[in-house]
Amino acid sequence: MENVGFILNGKNISVEIDDGELLIETLRDRLNIKSVKHGCGIGECGTCTVLVDNLPVYSCLTLTKSIEGKSVLTVEGIDLTGFKKSFLEKGAVQCGFCTPGMILSAYSLFLKNKNPSRDEIKEAISGNLCRCTGYNQIIEAIEDVCKG
Amino acid sequence: MYAKVKSKILIPATLDELFSIMSKISNYKIIAGGTDLLIKIKQSNEKYDYLVNILRIKELKNLSEDNNYIYIGATLTFSEILENPIINGFEALYNALKSIGSPQIRNMGTIGGNIINASPAADSIPPLLLYDAEVKIISNNNSRWESLNKKVNLKEKEILAEVRFKKITGKSDYIKIGKRKVMTIARLNLAYLKENNKQWRFSSGAMTPYPLRMKNLENICNLKNYSDSEIFKAIEDDIFSKTSYRPSFDYKLPVLKDLIINILRENQ
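Residues numbered from 1 in each chain as written. Chains lettered and ligands numbered in written order. Predicted model: local features only at pLDDT ≥ 70, side-chain atom pairs only at ≥ 80, totals over all residues. Heavy atoms only, no water.

Draft legend 1. Representation of the pairing of strand β8 (residues 159-166) of chain B. Residue and element names in this part refer to chain B. Counting buried residues in β8 gives seven out of eight residues, a clear majority hidden from the surface. Sheet topology note: the strand β5 (residues 69-73)/β8 ladder contains five bridges and is antiparallel. Residue pairing across strands places Tyr69 opposite Lys166, the latter belonging to β8. Looking at chain direction, strand β6 (residues 134-139) and β8 are connected through five bridges and run antiparallel. Across the sheet, the residue bridging to Lys136 is Glu162, located in β8. (Buried < 20%, exposed > 50% of the residue type's maximum accessible area, 1.4 Å probe, protein only. Helix = DSSP H or I, 4+ residues; strand = E, 2+ residues; numbered from the N terminus. Pairing = 2+ DSSP bridges.)

Draft legend 2. Structural context of the environment of Gln104(B). Among the secondary structure elements, Gln104(B) is positioned in helix α5 (residues 103-108). Note on Gln104(B): relative accessible area 0%, which makes it buried. For the pair Gln104(B) and Ser79(B), spaced 25 residues apart in the sequence, the C-alpha separation amounts to 9.2 Å. When near neighbours in sequence (up to four residues on either side) are disregarded, Gln104(B) contacts Thr49(A), Pro56(A), Val57(A), Tyr58(A), Ser105(A), Gly127(A) and Asn128(A). (Contact = heavy atoms within 4.5 Å.)

Draft legend 3. Main features of the nonpolar core. Counting residues in each nonpolar core, the largest one holds 73 residues, and the members touching the most others are Leu38(B), Leu51(B), Ile72(B), Ile115(B), Leu128(B), Leu148(B) and Phe165(B). Ile177(B), Tyr192(B), Phe202(B) and Leu217(B) belong to the second largest nonpolar core, which has 26 residues in total. (Core = buried A, V, L, I, M, F, W, Y, C linked by side-chain atoms within 4.5 Å.)

Draft legend 4. Fine view of the packing of aromatic side chains. Residue and element names in this part refer to chain B. Under the definition given, this model contains 13 aromatic pairs over all chains. Above the plane of the ring of Tyr69 lies Arg164, whose end atom (NZ or CZ) is 4.1 Å from the centre. The aromatic ring of Trp145 is capped on one face by Arg164, whose charged end is 4.0 Å from the ring centroid. (Phe/Tyr/Trp six-rings, centres within 6.5 Å; stacked < 30°, edge-to-face > 60°. Lys NZ or Arg CZ within 6 Å of the ring centre and 35° of its normal.)

Draft legend 5. A look at the interface of chain A and chain B. Listed as interface residues are 34 residues of chain A and, on the opposing side, 30 residues of chain B. Summed over both sides, the interface of chain A with chain B buries roughly 2600 Å², with 58% coming from carbon and sulfur. Inspection of the chain A/chain B interface yields four salt bridges. Between Asp19(A) and Lys8(B) there is a salt bridge whose closest N-O contact spans 3.2 Å. (Buried area = accessible area lost by both parts, 1.4 Å probe. Salt bridge = Lys/Arg side-chain N within 4 Å of Asp/Glu carboxyl O.)

Draft legend 6. Inspection of the pattern of salt bridges at higher detail. This structure, assessed with the given rule, holds 25 salt bridges over all chains. One salt bridge connects Glu89(A) with Lys85(A), and the closest N-O pair in it is separated by 3.6 Å. With Glu89(A) and Lys85(A) both in helix α2 (residues 81-89) and four residues apart, the pair spans about one turn of that helix. Here Glu89(A) and Lys85(A) have matching classes, each one exposed. Between Glu158(B) and Arg144(B) there is a salt bridge, with its nearest N and O atoms 2.6 Å apart. Note that Glu158(B) is positioned in the loop between β7 (142-147) and β8 and Arg144(B) in strand β7, a separation of 14 residues in sequence.

Shown next as structure tokens:
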């Protein structure tokens, strides 16, 4: 076991981990961040997406030790008011398993681009699979969040 | 439920520290973005006592140019390279990197990892071959440049430090045939460059065990006159110099031939 320190949702934390631990394990099992879902485990489905230094990455392929000193953001750390309203209104949530990852990918896009085009939204969520909605509702919901 | 990674993780901050670590340990693997390696470790019995993460080593994150070359540090992520205006004008490379995986994969995966993993379908290699790319291989007391035309084979205690390619101008592009638009591994890929808008260069991926500069094809289409059948024969000569016939070629060869003929016609 050893200690690793990083910023989780704006707060400095230090947590004891196993050496080869993956970020998804640390977040879910040690820090009780359950919004981060375990899907494929091989970087294809995107449901384990978190932001590291504001960029989306797959936490199932990120060694916790490698994020020492960096900033990690999950949906627990962002204001969800606009997302909740738009995702509900547009029917962008069915089973909900992909939703936290989708929101984080969209949030990362907004940090760089306040008024993204539909294509830019599609591109931003292209690493997040949804098997329920067919994506249109999600894209529309993200467009709505931008409009406010 | 999770596939565990059991190795000890070492994260050197400098090259000196890295080589000092490498001289003391065995059964280790160098790891950068981990988007290929961690999947292999999770899915197979590849077991290493140590994973040496080289992402914090600044010397490996250089992106620069001189009169002849662009230099790209091995651990730069695809996103970091794409954001840098230095690769503007090298469309084949830009489009190839842009086609990799997803935003998440591009934020994690590195160009050095793509080269060392050396998948037949590696997106970065065909465009780099167009520009006569070379890789810099370093060890504690040595460094050398090697052509990327052959698969990079690191010896004991060596690492890939950077890749450089010639600043050859001219129209270029990268074409990837996959099962879907994003998050896909190329079934077939093709990069081309018309050097100074005169001399053709071509390279293919996912046809041969390692991506291939298509020299026979280049020789034919740089002649003043050639026929379609000469082009087709040259393509086959290139491909079959490195592999025998494969069942997938029933599909891939006609597609490759059509792509090349179309590129030649559109850019006469």
